[in-house]
Amino acid sequence: MNRPVRIALVVLVAIAAVVIGTQFGWRIVLAPLLGLAIWAWARATLRSFLRHGQTGVSAADEPVPVGSDERTMYWCEECGTEVVLTVRGSGLPPRHCGTRMHERSEVLS
Ligand SMILES: [Zn+2]
């Protein structure tokens, strides 16, 4: 639907809403609009939960032991906690203090 047609439709719906609101009461106009707003908010919230709940880790990802020639550490920017990685379960860094930890790899000789 192109823009002029969409604008004309919005103007027509607004005129119809004003006519219905003044003749039969504004509850008839505002109640469906409030219902649509609540429905849109609920859908957006649930989609957001679904999107943030996905970690990108599939069931096929097997934990892999980290090689002995390198040492991988994660450190928390907020509190300074450091974690040594012994088995890599996924490519995502762990979280601490509500943020992702920073990865630091050292090659051991
Ligand atoms: Zn922390």
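All residue numbers refer to positions counted from 1 along the written sequence of the respective chain. It should be noted that, the model being predicted, local features are given only for residues of pLDDT at least 70 and side-chain atom pairs only at 80 or more, the latter also being counted only at that level, while totals for whole chains, interfaces and linings use all residues.

*Asks:* Just to check I follow, could you spell out the overall build of the protein for this structure?
*Replies:* Looking only at helices and strands, the protein has 2 helices and 7 strands in total. Secondary structure elements of the protein, listed N to C terminal, follow the sequence α-α-β-β-β-β-β-β-β. Here the globule rule reads 2.2 Å times residues to the power 0.38, and the radius of gyration is calculated from C-alpha atoms. Its C-alpha atoms give the protein a radius of gyration of 27 Å, more than 25% over the compact-globule value 13 Å for 109 residues. Viewed in the frame of its principal axes, the protein has a C-alpha envelope of about 85 × 30 × 25 Å. Here a strand is any run of E in DSSP of at least two residues, a helix any run of H or I of at least four, and the numbering for each starts at the N terminus.

*Asks:* Any chance you could explain the environment of Gly98 here in plain terms?
*Replies:* Inspection of the secondary structure assignment puts Gly98 in the loop between β5 (95–96) and β6 (99–100). Partly exposed residues are those whose C-beta has more than 12 but fewer than 20 other C-beta atoms within 10 Å; 20 or more makes a residue buried and 12 or fewer makes it exposed, with C-beta atoms placed from the backbone. A tally of 7 C-beta atoms within 10 Å means that Gly98 is categorised as exposed.

*Asks:* Explanation requested: the domain arrangement of the protein in the structure shown.
*Replies:* It is common to report an interface's size as the accessible area lost on association of the parts. Source of the domain bounds: an automatic or database domain assignment. According to the domain assignment, the protein contains domain 1 (3–53) and domain 2 (64–107). The distance between the C-alpha centroids of domain 1 and domain 2 comes to 48 Å.

*Asks:* What am I meant to see in the sheet that holds strand β2 (residues 70–75) here?
*Replies:* One open sheet holds the 3 strands; their spatial order is β3-β2-β7, and the pairing between them is antiparallel. Each edge of the sheet is formed by a strand with only one pairing partner; in this case those strands are β3 (82–85) and β7 (102–107). The average undirected angle you get between the axes of adjacent strands in this sheet is 25°. At least two DSSP bridges between two strands are required for those strands to pair. Taken together, the 4 bridges between β2 and β3 define a ladder with antiparallel strand orientation. For every element, the axis is a line fit to its C-alpha atoms; helices are fit only across the contacting stretch, and the angle between N-to-C directions ranges from 0 to 180 degrees.

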